[in-house]
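# Reading the structure
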Amino acid sequence: LKGSVGGKRVAAGTHDYVSRSCRFPESLRGLLQRIEGGGLSSVFVAVEGRFAGVLLLADQIRLDTPRALRLLRQAGIRRIVMLTGDRRELAEAIGTVLGVDEVFAQQDPAHKLAVIAEARKQGTTIMVGDGVNDAPALAAADVGVAMGARGAAASAEAAGVVLLVDRLDRLAEALHITRHARRIAVQSATLGMGLSILAMGVAAAGYLPPLLGAVLQEVIDVAVIVNALRALRARTLRATRYSLSPGQSESLRAEHEQLSPVLDQLSFLADQLSVLAPAEAKVRLEELNTLIRERLVPHEHRDDVSIYPEVAKLLGGDDPLAAMSRAHQEIFQLQRRLDAVLAQARGGALDAAAAREAQRTLYGLDAILRLHFAQEEEIYHGLAQG
């Protein structure tokens, strides 16, 4: 993409495209490796033939998807495959995070249809989708499931099942409830037919008068109906019968969103420490450390003292969030390590050893915080109503 903004020539696009009109600085090499290795999408920007910046784009994995896949495996689903039109590097990165068995990337509707046709030769196939491109595959699968809350109308029309809530984990619950209902239906039919045949045999032998036989048949019918009504009380796969209200769940998620800029600065500054001037590196590190100490640490401490005890009551057990509390201690320890690095800095600047130690600490904080936030959000999402 080329254009003019404020009278200046601007080019934006892929690395290869923008590199034709400008030279990239050497400090960008680490970021390029991170983009390639992390399966991220990127948009490079040049202004007047000079590199101006890069936008990193990453697909957010639905909070309910990892839990849904685990529950589906528990329900007996043997093979889970991801079909997507995304490029291979991005698709494989997401597939690795989700733990699927195989990834088919850069798939158009015809390719998805071919994969479904091949899978049906190996057994019963369930296809889940929400887009127009998924409609042919949804129609071809043994069971097509459309995400109806936000999905395209074409996919809902082609599917045999439509989930009316925007949560994939409800598919595992639907499968669990369906199996429970079928088991009761088979049980009721077998019980009703067996008792009726037994009563007919007794009546044929002359031991059951017609009037009593008629009454007994009605009793059998009522017993079978009462047994069938047990299907209405099918237990779901929720962790508990208690749950967070929508307001509580949104409030907890909003706190994480407010802290996301701090998280973004962790990896960004860690990438830049090796190329920044020592004095500037110390100033930037002090500013970030202040943010961590004043915003992040109080948030984690408040979670440990106020939020976790309430959530633990919903989960049940003696100490269900012990591992999450242990992560808080590690976060506090890493923040104290940053304090120590800055305290040891001499002459208002970071030396090479201090910069490397700060870099390791920032990368460690970035990794543990992103994992910790993801775990918390998955717990909160699993407890949320709806």
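Thresholds, definitions, all that
- Residues numbered from 1 in each chain as written.
- Predicted model: local features only at pLDDT ≥ 70, side-chain atom pairs only at ≥ 80, totals over all residues.
- Heavy atoms only, no water.
- Helix = DSSP H or I, 4+ residues; strand = E, 2+ residues; numbered from the N terminus.
- Rg over C-alpha atoms; globule rule 2.2 N^0.38 Å.
- Buried < 20%, exposed > 50% of the residue type's maximum accessible area, 1.4 Å probe, protein only.
- Contact = heavy atoms within 4.5 Å.
- Salt bridge = Lys/Arg side-chain N within 4 Å of Asp/Glu carboxyl O.
- Pairing = 2+ DSSP bridges.
- pLDDT = per-residue confidence, 0-100.
- Axes fitted to C-alpha atoms, helices over the stretch in contact; angles between N-to-C directions.
- Parallel < 35°, antiparallel > 145°, perpendicular 65-115°, else oblique.
- Nonpolar A, V, L, I, M, F, W, Y, C, P; charged D, E, K, R; others polar.
- Core = buried A, V, L, I, M, F, W, Y, C linked by side-chain atoms within 4.5 Å.

Looking only at helices and strands, the protein has 13 helices and nine strands in total. A compact globule built from 386 residues would reach a C-alpha radius of gyration of about 21 Å, whereas the protein, at 29 Å, exceeds it by more than 25%. Taken along its principal axes, the extent of the C-alpha atoms in the protein is 110 × 50 × 35 Å. Expressed as a percentage of its 386 residues, the buried residues of the protein come to 35%. The contacts in the protein between residues at least 6 apart in sequence include a share of 59% that link residues at least 24 apart.

The next subject is helix α3 (residues 64–74). Buried residues of α3: Asp64, Thr65, Arg67, Ala68, Leu69, Leu71 and Leu72, and no others. Packed against the buried residues of α3 are α4 (88–98), α8 (169–204) and α13 (352–383). The positive-phi residue at the C-terminal boundary of α3 is Gly76, with phi of around 110°.

A complete count under the given rule lists 19 salt bridges for this structure. Ionic pairing is found between Asp366 and Arg370, a salt bridge with its closest N-O pair at 2.8 Å. Note that Asp366 and Arg370 are positioned in helix α13 at a spacing of four residues, about one turn of the helix. Using a relative accessible area of 12% as the deciding quantity, one classes Asp366 as buried. Salt bridges sharing common partners tie together Asp264, Asp366 and Arg370.

Further remarks concern the pairing of strand β4 (residues 50–57). Direction of pairing for strand β3 (residues 41–47) relative to β4: antiparallel, over a ladder of seven bridges. Each residue of the ladder has a partner; that of Val43, found in β4, is Leu55.

With respect to the helices and strands, the residue Val81 is situated in strand β5 (residues 81–83). Taking C-alpha positions, Val81 is 28 Å from Gln33, a pair spaced 48 residues apart along the chain. Setting aside its immediate chain neighbours within four residues, Val81 contacts Glu102 and Phe104.

Now for the confidence of the model for the protein. The predicted coordinates of low-pLDDT regions are not to be read in fine detail. For the protein, mean pLDDT is 83; residues scoring 70 or higher make up 91% of the total. Per-element mean pLDDT across the protein ranges from 65 in strand β1 (residues 2–5) up to 91 in β5.

Quick look at the packing of α3 against α8 now. In the contact formed by α3 and α8, the axes pass within 7 Å of each other and the chain directions differ by 25°. One finds that α3 runs roughly parallel with respect to α8. Judged by residue contacts, Asp64, Arg67, Ala68, Leu71 and Leu72 of α3 engage Asp169, Leu171, Ala172 and Leu175 from α8. Of the residues in the contact of α3 with α8, the class split is six nonpolar, no polar and three charged.

Here the focus is the sheet that holds strand β7 (residues 126–129). Strand order in the open sheet made by the three strands is β7-β8-β9, with parallel pairing throughout. Of all strands in the sheet, those with a lone pairing partner are β7 and β9 (161–163), marking the two edges. Strand-to-strand, the axes of this sheet are offset by a mean angle of 20°, without reference to chain direction.

Turning next to the environment of Val54. Topologically, Val54 is positioned in strand β4. Here the alpha-carbon distance between Val54 and Ser42, two residues 12 residues apart in the chain, equals 6.7 Å. Excluding residues that lie within four positions of it along the chain, Val54 makes contacts with Leu31, Ser42, Val43 and Phe44.

What follows deals with the side chain of Ser196. Looking at where Ser196 falls in the secondary structure, it is placed in helix α8. Once you skip the residues sitting within four places of it in the chain, Ser196 turns out to touch Gln217 and Ile220.

This part is about the nonpolar core. Membership of the largest hydrophobic core comes to 29 residues, with the highest contact counts inside it found for Leu285, Ile292, Leu362, Leu365 and Leu369. Contributing elements (two or more residues each) for this core: α10 (246–272), α11 (278–315), α12 (322–344) and α13. Per-element accounting of this core gives the leading share, seven residues, to α13. Not counting chain neighbours up to four residues away, the residues in contact with Leu369 comprise Leu263, Leu266, Leu296, Glu300 and Ile331. Of all hydrophobic cores here, the second largest spans 20 residues; its members include Ile80, Met82, Met147 and Leu168.

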